[in-house]
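# Reading the structure
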Amino acid sequence: MPGHHPARSRRTTERKGDVRERAILDTCEALLAQKGYDAMTVGDIAQGTGITRGALYFYFGSKQEVVAALVARTVEHLWERSRATAQTDEPRQVIAAAMQRTVELWNEHGLVMRTAIDLSLTVPEIGELWNHTTDLFITAVTAVLERAGIQAGAAPEQASAMARALCWMIERTFYHASQESREKLQEASATCEHIWLTSTGLTI
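Read on for an overview of the structure. Numbers given to residues run from 1 along each chain, matching the order in which its sequence is written. For this predicted model, a pLDDT threshold of at least 70 governs which residues receive local features, and a threshold of 80 or more governs which side-chain atom pairs are given and counted, while totals over whole chains, interfaces and linings are taken from all residues. Note: side-chain values were computed over all heavy atoms of the structure, leaving out hydrogens and water.

Attention shifts here to the overall build of the chain. Regarding its fold elements, the chain presents eight helices and zero strands. Here a helix means four or more residues in a row that DSSP labels H or I, a strand means two or more in a row labelled E, and each is numbered from the N terminus. Helices (α) and strands (β) of the chain occur, in sequence order from the N terminus, as α-α-α-α-α-α-α-α. Relative accessibility under 20% of the residue-type maximum defines a buried residue, over 50% an exposed one, and the middle range a partly exposed one, all with a 1.4 Å probe and only protein chains included. Relative to its 204 residues, the chain shows a buried fraction of 48%. Contacts are assigned to residue pairs that have any heavy atoms within 4.5 Å of one another. Restricting the contact set of the chain to residue pairs at least 6 apart, pairs at least 24 apart contribute 66%. Carbon and sulfur atoms provide 54% of the accessible area of the chain, an area that totals close to 10,300 Å². Where accessible areas are quoted, they stem from the Shrake-Rupley method and a 1.4 Å probe; at the residue level, only the protein chains shown are allowed to cover.

Spelled out as structure tokens, the structure:
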């Protein structure tokens, strides 16, 4: 995968089929809400998009590939919005912005995110994508921690290990909060932001 993108892009150039591919992904996201991953079929996705199964297979080889592309599109939005801020802004501002964007993403696409987490251990395409995405955010958070004065390194008290723990904590906290309500997502954001700030000493 390219170093600047959390998704493994199946195609990197614009083409006439991009509109149809987006429609397939939009249909897949709607079907996840209506039927769930296990009950949803390739036939359902094709029918919902208004195309034949054969036409769908021109774009994606399986249901797993469709969902992996949907996850890739979703996390790409967060990554692109977060990257510039993480590289340029003051650490406290970066942390606040990252939490706000995470809330927005989970509000808009929480079902996709939960599906990605649920399938990351059993569907190789999704597991590879999700782990790569996590690694990119761990690297970005590590850089923020180092700019905030945390020593570089992988020891428990150093930036890399702290970043990994923070990223996995944020994932699990939002995963569970998204199953309850939007209010719980805001509470999750406040909790994670406080822990992140505390770990850097920025609350003092």
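A few words on the pattern of salt bridges. Just to be clear on terms, a salt bridge is a Lys or Arg side-chain nitrogen sitting within 4 Å of an Asp or Glu carboxyl oxygen. What the rule picks out here adds up to five salt bridges. Arginine 73 is the salt-bridge partner of glutamate 29, the closest N and O atoms lying 3.9 Å from each other. Here arginine 73 lies in helix 4 (residues 63-88) and glutamate 29 lies in helix 1 (residues 18-34), a separation of 44 residues in the sequence. Since its relative accessible area comes to 17%, glutamate 29 is described here as buried.

This brings us to the packing of aromatic side chains. Aromatic pairing here means that ring centres of Phe, Tyr or Trp (its six-membered ring) are within 6.5 Å. Orientation follows from the plane angle: under 30 degrees is stacked, over 60 is edge-to-face, and everything else is tilted. Within the structure shown, the criterion is met by two aromatic pairs. Aromatic pair phenylalanine 58 and tyrosine 59: ring centres 5.1 Å apart, planes at 90 degrees, arrangement edge-to-face. Relative accessible area serves as the criterion here: at 58%, phenylalanine 58 is assigned to the exposed category.

Here we come to the nonpolar core. Take the buried residues of types Ala, Val, Leu, Ile, Met, Phe, Trp, Tyr and Cys, join any two whose side-chain atoms come within 4.5 Å, and each joined set is a nonpolar core. Counting 63 residues, the largest nonpolar core has Leu56, Leu145, Phe174 and Trp196 as the members making the most contacts within it. Residue assignment for this core shows that the elements contributing at least two residues are helix 1, helix 2 (42-49), helix 3 (53-59), helix 4, helix 5 (91-119), helix 6 (124-147), helix 7 (159-178) and helix 8 (182-200). Among the elements that take part in this core, helix 5 stands out by supplying 12 residues, more than any other. Contacts of leucine 56, omitting those with residues within four sequence positions, involve Ile24, Val42, Ile45, Ala46, Ile51 and Val66.

What follows is about helix 2. Counting buried residues in helix 2 gives six out of eight residues, a clear majority hidden from the surface. Those residues of helix 2 not exposed but buried are Val42, Gly43, Asp44, Ile45, Ala46 and Thr49. Positive phi shows up at glycine 50, right after helix 2, with a value of about 85 degrees.

Attention now goes to the environment of glutamate 65. If you trace the backbone, glutamate 65 turns up in helix 4. Distance in space between the C-alpha atoms of glutamate 65 and glutamate 125 is 7.1 Å, their sequence separation being 60 residues.

This part is about helix 1. In this scheme, a helix's expected span is set at 1.5 Å multiplied by one less than its residue total. With 17 residues, helix 1 ought to run about 24 Å at 1.5 Å a step, and its terminal C-alpha atoms sit 24 Å apart, in line with that. Among the residues making up helix 1, those that are buried are Asp18, Glu21, Ile24, Leu25, Thr27, Cys28, Glu29, Leu31 and Leu32. Within two residues after helix 1, glycine 36 carries a phi angle of roughly 90 degrees, on the positive side.

Moving on, we get to the side chain of threonine 27. Note that threonine 27 resides in helix 1. By relative accessible area, threonine 27 is classed as buried at 13%. Not counting residues up to four positions away in its chain, the partners in contact with threonine 27 are Ile45, Gly48 and Thr49.

With that out of the way, let us pick up the side chain of threonine 102. In this structure, threonine 102 sits in helix 5. Looking at threonine 102, the relative accessible area reads 10%, which means it is buried. Polar contact is defined as a pair of N or O atoms within 3.5 Å, subject to the rule that within protein one atom must be able to donate a hydrogen and the other to accept it, and that residues adjacent in sequence are counted only when both atoms are side-chain atoms. There is a polar contact of 2.7 Å between the side chain of threonine 102 and the backbone oxygen of alanine 98. Each residue touching threonine 102, except ones within four places of it in the same chain, is listed here: Leu78, Ile170 and Phe174.

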